[in-house]
Amino acid sequence: MSDTVTFGQDSAPYAPTEIPFNLYKQAAPLKVKVVENRRLTGDSSPNDVHHIVFQFAKTDYRYLDGQSAGIVPPGTDPAGKPHKIRLYSIASPGDGDQGDGTSLSLCVKRVVYNDPETGEERRGVCSNYLCDLNVGDEVAVTGPAGKAFLLPEVKDANIVMIATGTGIAPFRAFLRTRYQQRVADKGQTWLFFGVQHYSDYLYAEELESYEKYEDYHLVTAFSREQKTADGDKMYVQNRLTEHRQALMDLLLQPNTYVYICGLRGMENGILEALTAAARERGLDWNELLAKYNAEKRWRVEVY
Ligand code: FAD
Ligand code: A2P
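These lines cover the structure that appears in this document, whether it is placed above or below. Just so it is clear, the model here is predicted, and its values are computed rather than measured.

Considering the overall build of the protein chain
Next, step 1: Along the backbone of the protein chain there are seven helices and 13 strands.
Next, step 2: Here the protein chain has a C-alpha radius of gyration of 20 Å; the compact-globule value for 303 residues is 19 Å, and the two agree.
Next, step 3: With the C-alpha coordinates of the protein chain rotated into their principal frame, the extents come out at 60 × 55 × 35 Å.
Next, step 4: Counting only contacts in the protein chain whose residues sit at least 6 apart along the sequence, the fraction spanning at least 24 positions is 70%.
Next, step 5: When the accessible surface of the protein chain is summed, it comes to about 14,600 Å², and 49% of that surface belongs to carbon and sulfur atoms.
Next, step 6: Put simply, the protein chain has 34 plus and 41 minus side-chain charges, and the middle of one group is 3 Å from the middle of the other.

Quick word on the sheet that holds strand 10 (residues 189–195)
Next, step 1: Across the sheet, five strands lie side by side as 11-10-9-12-13; this open sheet has parallel pairing. This sheet does not close on itself; its edge strands, each paired only once, are strand 11 (216–222) and strand 13 (298–302). Pairs of neighbouring strands in the sheet enclose a mean axial angle of 10°, with direction left out of account.
Next, step 2: Looking at chain direction, strand 9 (residues 158–164) and strand 10 are connected through six bridges and run parallel. Pairing of A163 across the sheet is with F193, part of strand 10.
Next, step 3: Contacting strand 9, strand 12 (256–262) and strand 13, helix 6 (residues 266–280) crosses the sheet at an angle of about 145° to strand 13.

Thoughts on the packing of aromatic side chains
Next, step 1: If you walk through the whole model with that rule in mind, you get 18 aromatic pairs.
Next, step 2: For the pair F56 and Y61, a centre-to-centre distance of 5.7 Å together with 55° between the ring planes defines the contact as tilted. Y61 shares its class with F56; the two are buried.
Next, step 3: On the numbers, 4.5 Å between centres and 20° between planes, the contact of Y179 with Y213 is stacked. Within this pair, whereas Y179 is found in helix 2 (residues 169–181), its partner Y213 is found in the loop between helix 3 (204–209) and strand 11, the two being separated by 34 residues in sequence.
Next, step 4: Using a relative accessible area of 4% as the deciding quantity, one classes Y179 as buried.
Next, step 5: Judged by relative accessible area, Y213 falls into the partly exposed class, the value being 28%.

Some points on the pattern of salt bridges
Next, step 1: Enumeration over the complete set of coordinates arrives at 20 salt bridges.
Next, step 2: A salt bridge links R299 to E153; its shortest N-O distance comes to 2.9 Å. Here R299 is found in strand 13, whereas its partner E153 is found in the loop between strand 8 (138–145) and strand 9, with 146 residues between them in sequence.
Next, step 3: R299 gets classed as buried once you look at its relative accessible area, which sits at 8%.
Next, step 4: For E153, a relative accessible area of 21% gives the class partly exposed.
Next, step 5: Taking the shortest distance from any N to any O, the salt bridge between D156 and K155 comes out at 3.6 Å.
Next, step 6: Look at D156 and you get partly exposed, because its relative accessible area is 29%.

Some details on the site of ligand 2
Next, step 1: Residues in close proximity to ligand 2 total 14 residues, the closest being V195, S223, R224, K233 and Y235.
Next, step 2: Measuring from an oxygen atom of ligand 2, one finds a side-chain N or O atom of K109 at 3.2 Å.
Next, step 3: The side chain of R224 places a nitrogen or oxygen atom 2.7 Å from an oxygen atom of ligand 2.
Next, step 4: Taken by itself ligand 2 offers 550 Å² of open surface, and the protein chains cover 80% of this.
Next, step 5: Judged by its atoms lying within 2 Å of the grid points, ligand 2 is housed in the largest pocket.
Next, step 6: For the shell around ligand 2, the class distribution of residues is four nonpolar, seven polar and three charged.

Notes on empty space enclosed by the protein
Regions of empty space are outlined by a rolling probe, equal in size to a water molecule, passed over the atoms.
Next, step 1: For the structure shown, the criterion picks out two cavities of 30 Å³ or more.
Next, step 2: Considered as a void within the structure, the largest cavity measures approximately 60 Å³ in volume.
Next, step 3: Taken together, the residues that form the lining of the largest cavity break down as six nonpolar, one polar and three charged.
Next, step 4: Its volume calculated, the second largest cavity comes out at about 30 Å³.

Quick look at the nonpolar core
Next, step 1: Counting residues in each nonpolar core, the largest one holds 30 residues, and the members touching the most others are I168, F171, L191, F193 and L207.
Next, step 2: Elements that contribute at least two residues to this core include exactly strand 9, helix 2, strand 10, strand 11 and strand 12.
Next, step 3: A total of five residues in this core trace back to one element, the largest contributor, which is helix 2.
Next, step 4: Ignoring sequence-local partners within four residues, the contact set of L191 consists of M161, I168, F171, L175, L207, Y216, H217, L218 and V219.
Next, step 5: Ranked by size, the runner-up nonpolar core spans 26 residues in total, among them I162, V219, L247 and W298.

The rules we used
Residues numbered from 1 in each chain as written. Chains lettered and ligands numbered in written order. Predicted model: local features only at pLDDT ≥ 70, side-chain atom pairs only at ≥ 80, totals over all residues. Heavy atoms only, no water. Helix = DSSP H or I, 4+ residues; strand = E, 2+ residues; numbered from the N terminus. Rg over C-alpha atoms; globule rule 2.2 N^0.38 Å. Contact = heavy atoms within 4.5 Å. Areas by Shrake-Rupley, 256 points an atom, 1.4 Å probe, with all protein chains shown as cover. Lys, Arg positive; Asp, Glu negative; His and termini not counted. Charge placed at Lys NZ, Arg CZ, Asp CG, Glu CD. Pairing = 2+ DSSP bridges. Axes fitted to C-alpha atoms, helices over the stretch in contact; angles between N-to-C directions. Phe/Tyr/Trp six-rings, centres within 6.5 Å; stacked < 30°, edge-to-face > 60°. Buried < 20%, exposed > 50% of the residue type's maximum accessible area, 1.4 Å probe, protein only. Salt bridge = Lys/Arg side-chain N within 4 Å of Asp/Glu carboxyl O. Near = heavy atom within 4 Å. Polar contact = N/O pair within 3.5 Å; in protein donor to acceptor, adjacent residues only side chain to side chain. 1 Å grid on protein atoms, 1.4 Å probe; cavity = no way out; pocket = protein on both sides within 12 Å on 5 of 7 lines; lining within 4 Å. Sits in = over half its atoms within 2 Å of the grid points. Nonpolar A, V, L, I, M, F, W, Y, C, P; charged D, E, K, R; others polar. Points joined across faces, edges and corners; volume = space filled by probe spheres on them. Core = buried A, V, L, I, M, F, W, Y, C linked by side-chain atoms within 4.5 Å.

Geometric values such as these leave the question of function open.
Spelled out as structure tokens, the structure:
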């Protein structure tokens, strides 16, 4: 495998000719260094989400926007076996937050829950390990993983991104590339982003900084602070319904790509909202979805 990722030129100018894949496996992971670990959620939030930046020597690790990295938590599980790797969407664009190809960033939510049987507090192994890292610590990384959740391969594509929680990670990378490197790209960009509280609004300033571009539409849903007209929690799918006219116009264009990232289970609500929006226009959403799937323009990463 060559060290550089080159892109095609003509009809598909952004199609990578090579997708870096599993350059490192659990048996021989890459050791990277923590250079930043900061809390993203506000002081008043009950949720603890961190932006963590890992550094490596240039060319030691390569990835494309939208890929995931594997983290090997140190130690063993209760059965004495090494912990399984956990995947995290990479939150930085392929050349890293500093743009020099020597880092990757993650957006990690600390998992804390009560055991359904005993009620005892339990802490997720890997997310707690990551959120507690100090600058200078060494971490074992595998990957990158994922070959499908990549930016559109064509120029001037419309992108509809729908995220819940840490599902924003790959979209932060997409937006950096779209508005910092591909400014000549003329497509529409929609981002629907759902979190619990205003204080959970990850990367707020950065996401809002693109509002100066006419083709960028940012729509938020704060489920525990806003309600729908029916008095239900405000979710991303309710926002899709509110914007259904503009959205259906966009979804009927052949160069529109839809990305869904975040909570497993969010896709159903989205499909219901789009089914109703299509029906209003006398269209069958399932037919449209089949076309999207066949053309690989419906890209989902939920966990
Ligand atoms: P574990 O020790 O593995 O414990 C998690 C387990 O605890 C669950 O499987 C469940 O059995 C149990 N559990 C959790 N919550 C509850 C609850 N409320 N009640 C009862 N049981 C519960 N995570 C991110 O934070 N950011 C990302 O960008 C991200 N990207 C991902 C991308 C992909 C492709 C995938 C597959 C996953 C991604 N994840 C991401 C999730 C991540 O991989 C881990 O699953 C997550 O961090 C939890 O791992 P852990 O080791 O902390 O928890
Ligand atoms: P809520 O937790 O109020 O039900 P998380 O912080 O757990 O990652 O969740 C991110 C956001 O996704 C929260 O606002 C959460 O709302 C919301 N959410 C939970 N379930 C769904 C769902 N089925 N569809 C869309 N959004 C959801």
